Amino acid sequence: MHVPDGFIDAPTSLATGVVAAGAVAVSLRGARRELDERTAPLAGLVAAFIFAVQMLNFPVAAGTSGHLLGGALAAILVGPYTGALCISVVLLMQGILFADGGLTALGVNITNMAIVGVVVAYAVFRLLVKVLPRTRRSITAASFVAALVSVPAAALAFTLLFWIGGTTDVPIGKVATAMVGVHLLIGIGEAAITALTVGAVVAVRPDLVYGARDLHRPLKLRVGDALVDAPAPEAARPVAARTSRRTLWISGLVTSLVLAGFVSFYASASPDGLEKVAEDKGFAESAEEHANADSPLADYGVKDIDDARLSGGLAGVIGVGATVVAGSAVFWAVRRRRADEGADTAPTSPGV
């Protein structure tokens, strides 16, 4: 789904760039309400984990592969606004450091993956959570469906943009059919990865999962003039945290490093869904060379290192490190801004 330069014309790319910039600005403001001192470090880790898993292309059909888009996973774990920022940070790191996804197409990619993917996934997730029993299994099931739906939705968004500003004259109906068909298959892999990850985090720290925060709403009792939480039945109480935040963060980072630095070597080498459709429908040749094609990390390999396993693994480790640092810096700044605003609006004691 990483659109290269050349597929979409300049006016449409510029328009999506404006849309993407506006969405990022709105997300920065919305993330202030989602992030606190507990979840801000997790958001940087989520961005790094998504970067790592996106390196793991999995086969979905003859000669085609797919990889995680991550919109559903990010939105459910850290919230839709913060999730959109996570995907944007990943796309920025990939475009600048690894020449993956065109720079002039950055607005297109953010629109497809960070806006459409996140909004559709979180809307489906919230709808399902409202009608399903408030249990951890329901959160996992809703995550699966939300991720499954979000991938073909992002594929349709690309098709719409290609219809508006595609640089190659291709019957749009054929593009739409091919894109939705292959991305439905990719969506199954996305759904499995999302559900497994969300389920794992909910099992040990449900309090840190944004989408699970209202699993059990306590009954309110009026005592005098105040409302207080009624004691919850034992079966309805949230499961206590089974691990510390530090342990969770370290475990997540180590997992990301292993996936990007070692497991990625075994990823499928087949073209992903968009590349395959472009080849089959005759618009692959419209792709332009990436502006950062001579980057030392282009194509997820370290320049001048001949050993493919070492080159790719080292590039993956560098990418995870750069993403977690960049993401953590962004989310720490957002959290500090929230804290500063809270301090500015806090009531002051009258002078004596």
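Heads up: the structure comes first, above all this text.
Structural notes, computed from the coordinates. (Residues numbered from 1 in each chain as written. Predicted model: local features only at pLDDT ≥ 70, side-chain atom pairs only at ≥ 80, totals over all residues. Heavy atoms only, no water.)

**A closer look at a nonpolar patch on the surface**
Step number 1: A grouping of Ile250, Val254, Val258, Phe262, Phe265 and Tyr266 is seen on the molecular surface, where their side chains present a nonpolar patch of about 580 Å² in accessible area.
Step number 2: Turning to its location among the elements, Phe262 is positioned in the loop between helix H8 (245–261) and helix H9 (273–281). (Patch = residues over 30% accessible without salt bridge, like charges linked within 9 Å, V, L, I, M, F, W, Y side chains within 5 Å. Areas by Shrake-Rupley, 256 points an atom, 1.4 Å probe, with all protein chains shown as cover. Salt bridge = Lys/Arg side-chain N within 4 Å of Asp/Glu carboxyl O. Helix = DSSP H or I, 4+ residues; strand = E, 2+ residues; numbered from the N terminus.)

**A short note on helix H7 (residues 172–204)**
Step number 1: Helix length check: H7, at 33 residues, gives a terminal C-alpha distance of 46 Å against a target of 48 Å (1.5 Å per residue), a fit within 8%.
Step number 2: Along H7, the largest kink reaches about 30° and is centred on Leu184. (Expected span 1.5 Å × (residues − 1). Bend = angle between axes of the 7 residues up to and from the residue.)

**A word on the pairing of strand E1 (residues 58–61)**
Step number 1: Where E1 and strand E2 (residues 64–66) come together, 3 bridges link them in antiparallel fashion. Note on E2: the bridge partner recorded for Pro59 is Ser65. (Pairing = 2+ DSSP bridges.)

**Comments concerning the packing of aromatic side chains**
Step number 1: The tally for this structure, following the rule as stated, stands at 10 aromatic pairs.
Step number 2: Between Phe51 and Phe98, the ring centres sit 5.4 Å apart and the planes meet at 45°, which makes this aromatic pair tilted. In this pair, Phe51 is assigned in helix H2 (residues 40–54) and Phe98 in the loop between helix H4 (80–97) and helix H5 (106–131), connecting sequence segments 47 residues apart. For the pair Phe51 and Phe98, a shared accessibility class is recorded, and that class is buried.
Step number 3: For the ring pair Phe158 and Phe162, a centre distance of 5.8 Å and an interplane angle of 35° mean the geometry is tilted. Here Phe158 pairs with Phe162, and both are found in helix H6 (residues 136–165), just 4 residues apart, close to one helical turn.
Step number 4: One aromatic cluster is present, formed by Phe7, Phe158, Phe162 and Phe283 through successive ring pairs.
Step number 5: Taking NZ or CZ as reference, Arg309 lies 4.1 Å from the ring centre of Phe265, over its face.
Step number 6: Here the guanidinium or amino end of Arg335 rests over the ring plane of Trp332, the centre of that ring lying 4.4 Å away. (Phe/Tyr/Trp six-rings, centres within 6.5 Å; stacked < 30°, edge-to-face > 60°. Buried < 20%, exposed > 50% of the residue type's maximum accessible area, 1.4 Å probe, protein only. Lys NZ or Arg CZ within 6 Å of the ring centre and 35° of its normal.)

**Quick word on unusual backbone geometry**
Among all residues except glycine, the phi angle is most often negative; among peptide bonds, the trans geometry is most common.
Step number 1: A positive phi angle, close to 60°, is found at Tyr300, a residue other than glycine.
Step number 2: Following the sequence through the fold, Tyr300 ends up in the loop between H9 and helix H10 (308–345).
Step number 3: Its identity as a non-glycine residue notwithstanding, Asp304 has a phi of 75°, on the positive side.
Step number 4: With respect to the element layout, Asp304 can be found in the loop between H9 and H10.
Step number 5: Of the residues examined, Asp304 reaches a relative accessible area of 71% and is grouped as exposed.

**Here's the deal with the nonpolar core**
Step number 1: By size, the foremost hydrophobic cluster in this structure holds 84 residues, and its most contacted members are Phe158 and Phe283.
Step number 2: With 11 residues, H2 is the single largest residue contributor to this core.
Step number 3: In this view, Phe283 contacts Phe7, Phe158, Phe162, Thr168, Val170, Val175, Val277 and Ala278; residues no more than four positions away in its chain are not counted. (Core = buried A, V, L, I, M, F, W, Y, C linked by side-chain atoms within 4.5 Å. Contact = heavy atoms within 4.5 Å.)

**Some remarks on the packing of H7 against H9**
The description of two packed helices rests on the angle between their axes and on the distance between the axes.
Step number 1: Between H7 and H9, whose axes approach to 10 Å, the crossing angle comes to 150°. In terms of orientation, H7 lies roughly antiparallel with respect to H9. Read as a crossing pair, H7 and H9 show a hand that is right-handed. Across from Lys174, Val175, Ala178, Met179, Val182, His183 and Ile186 in H7, the residues of H9 making contact are Gly273, Leu274, Val277 and Lys281.
Step number 2: Classifying every residue of the contact of H7 with H9 by side-chain character gives 7 nonpolar, 2 polar and 2 charged. (Axes fitted to C-alpha atoms, helices over the stretch in contact; angles between N-to-C directions. Parallel < 35°, antiparallel > 145°, perpendicular 65-115°, else oblique. Left-handed = near helix turned anticlockwise from the far one by under 90°. Nonpolar A, V, L, I, M, F, W, Y, C, P; charged D, E, K, R; others polar.)

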